[in-house]
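Residue-level structural notes
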Amino acid sequence: MKKILSLLMAAMMMASVLAGCGSKEETPAESAPEGETPVESTGEATGSGVELKFSTGGEQGTYYGFGNVLAQAITSAGTGTKVTAVTSNGSQDNIEQMEMNTRQLGFVQSDVMSYAYEGTNLFEGMPITGFSTVAALYMEQVQIVTCDPEIKTVADLKGKTVSIGAAGSGVFYNAVDILSAYDLNYETDIKAQYQDFGDSADALQDGKIDAAFVVAGAPTVAITTLATSKDTYLVSLDDEHIAKLQETSPYYSKYVIPADTYEGVPEATTVAVSAVIIARDDVSDADVYNIVSTIFENKDSLAHDKAKELDLEFAAGVTNVPYHPGAAQYFAEKGIEVPTK
């Protein structure tokens, strides 16, 4: 009898130990990366668990800064969708990297996205169509930056040394479009330099160039840094030339950059294109659903200025490249229908 009681007690103790080892559930805080605040996800989709590389832009640009915030929020939401933001050379590079499947997600300018999908401009004769729209997030402004107070209009750039973005980049084509609207040829009327945002800001700081085109959501880190150390100005476009630009390039929208967006810099009128997240078509519907859901269900807690511009109607407003089915599912739940392939 004593032997039987001893065996029963031993069994009960073992069951208690095993229950203790398996009963603790992982909390959102424990599943979130160290140092990050977990975010709430209302989506019910189970992510693939595969790491998705999110191609953004240069370290001093808005794509990279905001992209990092979004990637951390999505990964810490606990849906099984994992996103890692990585630097890149911008829109064209992002699309090309996605085509090679070295990246699965990317930030792109709406105009560059159209070029790729339709096989025009920098993708002339070589359309890339294996991607879909996830969401449009905010407007990114064409910012013409100078430290020379005598440069007041685009026409004043004639004969000047001007950075017009990396050759073949989205910035390059924006610069060419705007210069052309003012009847300026980038090859003959200016001394063109091909630099990214950070290098352009450094060159302006050192007096090596007279002006630079920067296409990114304002405020942009490179310009913010420049404006804190040197008198900085934004060159405005006038209504006549904006209208002329829009005749041939309707994807541009007029945009006013408020005064003091950069310290001490007055208001400036320019044009803008949309900043859009795209995904390869073979990214799972669940992962894309979780990406869109996490962004828009947690927009008030995302620690970046651009989060204030997030808007569902704007996000669903892309018409020239169809949406990914996972994104379409989320928008449908919000009563918004978007085109899919």
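Our subject in this report is the structure included herewith. Remember, it's a predicted structure, so these values are computed and weren't measured experimentally.

**Considerations on the pattern of salt bridges**
- Summed over the entire model, instances satisfying the criterion amount to seven salt bridges.
- Across the pair Glu297 and Lys334 runs a salt bridge whose closest N-O atoms are separated by 2.9 Å. On the criterion of sequence distance, the pair formed by Glu297 in helix α10 (residues 285-297) and Lys334 in the segment after α12 (325-333) is long-range, its members being 37 residues apart.

**With respect to the packing of α10 against α12**
- Axis separation between α10 and α12 bottoms out at 7 Å; the angle between their running directions is 45 degrees. Put simply, α10 runs oblique to α12. The way α10 lies across α12 gives a crossing that is right-handed. Together, Asp285, Val288, Tyr289, Val292, Ser293, Phe296 and Glu297 of α10 and Pro325, Gly326, Ala327, Gln329, Tyr330, Phe331 and Glu333 of α12 make up the contact between the two elements.
- Across the contact of α10 with α12, the residue classes tally to eight nonpolar, three polar and three charged.

**Quick word on the pairing of strand β7 (residues 211-216)**
- Within β7, six of the six residues are buried, which leaves the element mostly enclosed by the surrounding structure.
- Sheet topology places strand β5 (residues 161-163) next to β7; two bridges connect them, and they run parallel. The residue bridging Ser163 from the neighbouring strand is Ala212, located in β7.

**Some remarks on the packing of helix α7 (residues 197-205) against helix α8 (residues 221-229)**
- The contact between α7 and α8 brings their axes to 9 Å, and the two run at 15 degrees. One way to sum up the angle between α7 and α8 is to call them roughly parallel. Between α7 and α8 lies a crossing of right-handed hand. Contact residues: Phe197, Gly198, Ala201, Leu204 and Gln205 in α7; Ala222, Leu226 and Ser229 in α8.
- Within the contact of α7 with α8, the residues separate by chemical class into five nonpolar, three polar and no charged.

**Here's the deal with the nonpolar core**
- Core analysis: the largest hydrophobic core is formed by 104 residues, its most contacted members being Leu137, Val154, Leu157, Ile178, Phe213 and Phe331.
- Setting aside residues up to four positions removed in sequence, Val154 forms contacts with Ile144, Ile178, Leu179, Tyr182, Leu184, Val235 and Leu237.

The rules we used
- Counting restarts for each chain, with residues numbered from 1 along the sequence as it is written.
- Predicted model: local features are reported for residues with pLDDT of at least 70 only, side-chain atom pairs are reported and counted for 80 or more only, and whole-chain, interface and lining totals are derived from all residues.
- With hydrogens and water set aside, each side-chain value is computed from the structure's full complement of heavy atoms.
- The term salt bridge refers to a side-chain nitrogen of Lys or Arg lying within 4 Å of a carboxyl oxygen of Asp or Glu.
- Put simply, DSSP marks the helices as runs of H or I at least four residues long and the strands as runs of E at least two long, and each gets a number from the N terminus on.
- Every angle, taken between N-to-C directions, lies between 0 and 180 degrees, and every axis is a line fitted to C-alpha atoms, over only the stretch in contact when it is a helix.
- By the definition adopted for this analysis, an angle is roughly parallel if under 35 degrees, roughly antiparallel if over 145, roughly perpendicular if from 65 to 115, and oblique otherwise.
- By definition, any crossing whose near helix is turned counterclockwise from its far helix by less than a right angle is left-handed, and any crossing with a clockwise turn is right-handed.
- By definition, residues are in contact when any of their heavy atoms lie within 4.5 Å.
- Under the convention adopted here, Pro, Cys and the residues Ala, Val, Leu, Ile, Met, Phe, Trp and Tyr are nonpolar, Asp, Glu, Lys and Arg are charged, and Gly plus all remaining residues are polar.
- Summary of the burial criterion: residues with accessible area below 20% of their type's maximum are buried, those above 50% are exposed, and those between are partly exposed, where the area comes from a 1.4 Å probe applied to protein chains only.
- Here a strand pair is declared whenever DSSP counts at least two bridges between the two strands.
- Residues enter a nonpolar core if they are buried and are Ala, Val, Leu, Ile, Met, Phe, Trp, Tyr or Cys, with the set joined through side-chain atoms within 4.5 Å.

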